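Spelled out from the first residue to the last, the chains are:
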Amino acid sequence: MSTSQNKIKMSGCIVTYNNAPIISECIKSILRWTRDFDFTLYISDNNSTDGTVELVRRKFPEVVILENKKNIGFGEGHNRVVKKLNSKYHFVINPDILVTQDVFGPMANYLEHHKNVAMITPKILNEDGTEQLLPKRNPTIRYIIISKLKPFKHYRRIYTRELEKIDKPTTVDFCTGCFLGIRTSVFKRLKGFDKRYFMYMEDADLSRMVRRRYQIIFYPEVFVYHKWSRENTRSIKGIVRWFKSMVKYFMKWGWEF
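Values in this document were obtained by computation on a predicted structure and should not be read as measured data.

K.L.:
Describe the packing of aromatic side chains, listing the residues and the values that go with them.
P.N.:
Geometry of an aromatic ring pair is reported as the spacing of the ring centres plus the angle between the planes. One pass over the structure, following the stated rule, counts 14 aromatic pairs. For the pair phenylalanine 187 and phenylalanine 193, a centre-to-centre distance of 5.8 Å together with 85 degrees between the ring planes defines the contact as edge-to-face. Residue classification places phenylalanine 193 among the buried positions, given a relative accessible area of 3%. An aromatic cluster is present here, built from Phe39, Phe91, Phe104 and Phe179 joined pairwise through their rings. Residue placement shows lysine 136 over the ring face of phenylalanine 218; its charged tip is 4.6 Å from the ring centre. For the cation-ring pair, lysine 148 lies above tryptophan 242, with the distance from its terminal atom to the ring centre recorded as 5.4 Å.

K.L.:
Help me get a handle on the pattern of salt bridges, residues and values and all.
P.N.:
Tallying each qualifying case throughout the model produces 10 salt bridges. In this structure, the salt-bridge partner of lysine 9 is aspartate 38, at a minimum N-O distance of 3.2 Å. Here lysine 9, found in strand S1 (residues 9–16), pairs with aspartate 38, found in strand S2 (residues 38–45); they are 29 residues apart in sequence, far enough to count as distant. By relative accessible area, lysine 9 is classed as partly exposed at 23%. Salt bridges sharing partners connect three or more residues here, namely Asp194, Arg196, Asp205 and Lys252.

K.L.:
Any details on helix H5 (residues 104–113)? Residues and values, ideally.
P.N.:
For H5, the tally of buried residues reaches seven of 10 residues, placing the bulk of the element in the interior. Within H5, the full set of buried residues consists of Phe104, Gly105, Met107, Ala108, Tyr110, Leu111 and Glu112.

K.L.:
Got a sec to walk through the pairing of S1? Specific residues and values, please.
P.N.:
Taken across its eight residues, S1 has seven buried, putting it largely inside the fold. Summarising the sheet, S1 and S2 pair through eight bridges and their orientation is parallel. Looking across to S2, one finds that glycine 12 is bridged to leucine 41. Following the backbone out of S1, through helix H2 (residues 20–34) and into the adjacent parallel S2, one traces a crossover that is right-handed.

Thresholds, definitions, all that
Residues numbered from 1 in each chain as written. Predicted model: local features only at pLDDT ≥ 70, side-chain atom pairs only at ≥ 80, totals over all residues. Heavy atoms only, no water. Phe/Tyr/Trp six-rings, centres within 6.5 Å; stacked < 30°, edge-to-face > 60°. Buried < 20%, exposed > 50% of the residue type's maximum accessible area, 1.4 Å probe, protein only. Lys NZ or Arg CZ within 6 Å of the ring centre and 35° of its normal. Salt bridge = Lys/Arg side-chain N within 4 Å of Asp/Glu carboxyl O. Helix = DSSP H or I, 4+ residues; strand = E, 2+ residues; numbered from the N terminus. Pairing = 2+ DSSP bridges. Right-handed = clockwise from strand over helix to strand, strands pointing away.

Now the structure itself:
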């Protein structure tokens, strides 16, 4: 980005809950690649008991920390910063994200030059460098339920648009919540994520809300790494949360097959 573009005010937020083992690497990587920008990083901590807050406060005094009195979930955790934001572009970032190049500048630059776009997400990579094939279409019954059955695995490939091999900025329906950029003005107008979702589907819901007036772009010219463990969906509690969120989503948007 040019010197004038570096002055564009940007912000980012990470919601943490007992992320002490991984949060330092994530924050360090973000601060490294935003030091030339007017960038404020927030941590919204959901009452961690493993010393996450103390660690961040000690190692990264420039980070703004919000301490929530209980685990209020992913979306509501991010919503805690909405009223505090005075940036032009805001980034929603998972604590298991690792940034190894300037993604913030190019994504903000794209939004600067495409006023009809309000949300943007880069290519998301696994630790081994392979692409994480994440959803790019609106969730439907066939994409998120039937696709889990062996004879219908191809629905997942359609859901992620895997076979299209997208290599340039492309309009998509779904913007993954693990790493996304959004116009702060739009995020504020929508009052952030729908707080009815504790975890899961809130990114799909926000995407639907945004697309009422704007486009969403998948921007594969830059990438971040995502240490995706799926731990939450490997427990009964996590599966129940996912199911509840799915029902809430389809109750709101319709049970599309």
